[in-house]
Amino acid sequence: MSQYHALTTEEATEFVKNIPGFFSQDARLECREIGDGNLNLVFHITDSESDKSIIAKQALPYVKIVGESWPLSLDRARIEREALQKEHHICPELVPAVLGYDDELALTVMEDLSSYTIMRKGLIEGNTYPYFADHIGEFLARTLFFTSDLGMNQQDKKELVKRFINPDLCKITEDLILDEPYRFSDNNNYGSYIEDEAEALRTDQAIHLEVALLREKFLTRTEALLHGDLHTGSIFVTAESTKVIDPEFAYYGPMGFDIGAVIANLLLNYAAQPGWTSGETAVQERRDWLLETAIQVWEQFESGFRKLWDQHVTDHMARTPGYQDLYLQKVLQDTIGFAGCKVIRRIISLSHVADIDTIADPAIKEAAERLALSIGKTLVLRNREMHSIRELGDIIQTATAAQTKGA
C-alpha cells in the first residue's frame with residue numbers, strides 16, 4: 001500500500017488490520033474520518049464486537065484549511081511519530097502509545113483516547129481538572145529535562161537536534177506567532193471592531209523589541225525537544241488522567257515556549273469566562289481556578305525540573321552553585337514572554353480558539369478579546385522583569401480590574 005496517497009477509510013482499515021496482536025483477523029471493523037484540525041486526516045477504527053478501537057493519523061502534503069497553495073513536508077509525520085515515541089518513553093502515563101506507522105504514507109497508528117475529552121472542550125463546558133497542573137508539570141519537567149544537555153549525553157542530543165529539524169512547521173510558528181500579528185499580513189484574522197488594538201500592535205516599538213528578542217530565542221536556542229504546539233486542543237483529559245497528543249510541531253527550541261503555550265491557553269479561557277459562566281461570583285470563582293492552575297503549571301514544572309537536575313544532571317559544570325537558579329529564572333522569563341505572544345496570536349492571527357471565537361454575545365466576545373490582548377501585551381512587555389510566577393497573578397488581576405473599571 002505504500003507510495004504516498006491520501007487514504008480512504010477502507011485503506012486505513014486494511015492497514016490497521018495488519019498491526020500484530022491488536023484486532024483479530026476476523027474482526028468486523030468500522031472506520032470514520034474524524035479529523036477537525038488544519039493539517040491531517042484522522043481515522044477512528046473500531047471493532048463493533050470487542051469494542052477495541054484505534055486511531056490512524058495521516059499527514060496531508062498541504063494545510064487542509066487553505067489547500068494545495070500552502071504545501072507542507074510530509075516528513076512532519078515522521079517527526080510527530082518519533083516525538084510521540086520519545087515522549088511516551090519518558091512519560092508513559094501521559095502520552096499515548098504508538099502502535100504502528102508507515103513513514104512513506106505519512107501515517108501513524110496510536111492508542112485511541114475516545115474515552116477522554118479534549119481539554120479545550122472540557123474547559124468551555126466548565127469542567128475542572130484537579131490533577132492537570134501536576135500531570136502537565138511532570139510532562140514538561142521530564143520531557144524537557146531528559147532531552148536537554150542537562151539530562152542526556154550532549155553528543156547524542158546533537159544527533160537528536162538533526163532528527164527534529166522541522167522547517168515547515170517552525171515557519172508557521174515564526175510567522176503566525178512571532179511576526180505577522182505585529183504588521184499588516186493577509187494571514188491576520190480579526191474583527192474590525194478591534195482594529196484599534198491591531199493598529200496599536202503594529203506601531204508599539206516596545207512590544208516589537210520584546211517579540212524580536214523572543215523570536216531570536218525561538219530561531220536559535222536548541223535547549224530541549226519541544227512539543228511545539230502544546231495548547232488545550234492537544235491535551236486529552238479526564239478528571240484523573242492527562243494525555244498529550246499531536247507533537248507534529250516538535251523541534252529543538254527554548255523550553256519556555258512549551259510551558260508558555262499551556263499557560264496562554266488557560267489564560268485565554270480565563271478571558272472568555274463571561275461568555276460561558278453565568279453570574280459575577282461564578283465567573284470570579286472560575287477565573288480564580290484557571291489562574292491558580294496556570295501558576296501551578298509552572299510551579300509543578302519547576303519543582304520537578306529541580307529534582308531531576310539534582311538527581312540526574314549529566315553535565316559537571318551544571319552542578320555549579322547558583323547556575324540552576326539562573327537557568328530557571330531564564331526559563332521563567334521566556335515562559336511569560338512566549339505565553340504573551342501565544343495569547344496575542346490567538347486574537348489577531350490565523351486560527352483562533354473556540355473559547356473566545358464561539359462566544360455568542362458580540363459584546364462579551366469583544367470584551368474577552370480585549371482582555372486577552374491586554375494580558376498578552378503586558379506579559380510580552382514585562383517578561384524580562386519576572387522573578388516569580390506569582391507575579392503572573394498580579395498582572396492578570398490588574399488587567400481584569402482595569403477592564404471592569406473601564407466598563
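Structure's up top.
Reading guide: rules and limits
Residues numbered from 1 in each chain as written. Predicted model: local features only at pLDDT ≥ 70, side-chain atom pairs only at ≥ 80, totals over all residues. Heavy atoms only, no water. Helix = DSSP H or I, 4+ residues; strand = E, 2+ residues; numbered from the N terminus. Rg over C-alpha atoms; globule rule 2.2 N^0.38 Å. Buried < 20%, exposed > 50% of the residue type's maximum accessible area, 1.4 Å probe, protein only. Areas by Shrake-Rupley, 256 points an atom, 1.4 Å probe, with all protein chains shown as cover. Lys, Arg positive; Asp, Glu negative; His and termini not counted. Charge placed at Lys NZ, Arg CZ, Asp CG, Glu CD. Phe/Tyr/Trp six-rings, centres within 6.5 Å; stacked < 30°, edge-to-face > 60°. Lys NZ or Arg CZ within 6 Å of the ring centre and 35° of its normal. 1 Å grid on protein atoms, 1.4 Å probe; cavity = no way out; pocket = protein on both sides within 12 Å on 5 of 7 lines; lining within 4 Å. Points joined across faces, edges and corners; volume = space filled by probe spheres on them. Nonpolar A, V, L, I, M, F, W, Y, C, P; charged D, E, K, R; others polar.

This part is about the overall build of the protein. Each helix and strand counted, the protein has 14 helices and 12 strands in total. Taken against the 2.2 N^0.38 rule, which gives 22 Å for 407 residues, the C-alpha radius of gyration of the protein at 21 Å falls within 12% of a compact globule. Dimensions of the protein, computed from the C-alpha atoms along their principal axes, are close to 65 × 55 × 40 Å. Across the 407 residues of the protein, 55% fall into the buried class. Here the protein has roughly 17,300 Å² of accessible surface; of this, 50% comes from carbon and sulfur atoms. Averaging the positions of the 40 positive and the 64 negative side-chain charges in the protein gives two centres separated by 3 Å.

Take the packing of aromatic side chains next. Enumeration over the complete set of coordinates arrives at 13 aromatic pairs. For the ring pair F145 and F146, a centre distance of 5.1 Å and an interplane angle of 85 degrees mean the geometry is edge-to-face. Note on F145: relative accessible area 0%, which makes it buried. Ring centres of F257 and F338 lie 5.3 Å apart, and the angle between their planes is 75 degrees; this geometry places the pair in the edge-to-face category. Here the residue F257 occupies a position in helix α9 (residues 255–272), and F338 occupies one in helix α11 (residues 323–348), the gap between them amounting to 81 residues. Here the aromatic residues F145, F146, W298, F301, F305, W309, Y323 and Y327 are joined through ring pairs into a cluster of three or more. Above the face of the F22 ring, K52 is positioned so that its terminal group lies 4.4 Å from the ring centre.

Turning next to the environment of D325. By secondary structure assignment, the location of D325 is in helix α11. You can call D325 partly exposed: its relative accessible area is 45%. A C-alpha to C-alpha distance of 9.1 Å links D325 and R306, two positions 19 residues apart in sequence.

What follows is about the layout of surface pockets. Here the second largest pocket is characterised by a volume of approximately 400 Å³. Lining the second largest pocket are 16 residues, and of these P274, V283, R287, T400 and T404 sit closest to its centre. Here the element with the most residues in the lining of the second largest pocket is helix α14 (residues 391–406); it accounts for five residues. Its residues placed into classes, the lining of the second largest pocket shows nine nonpolar, five polar and two charged.

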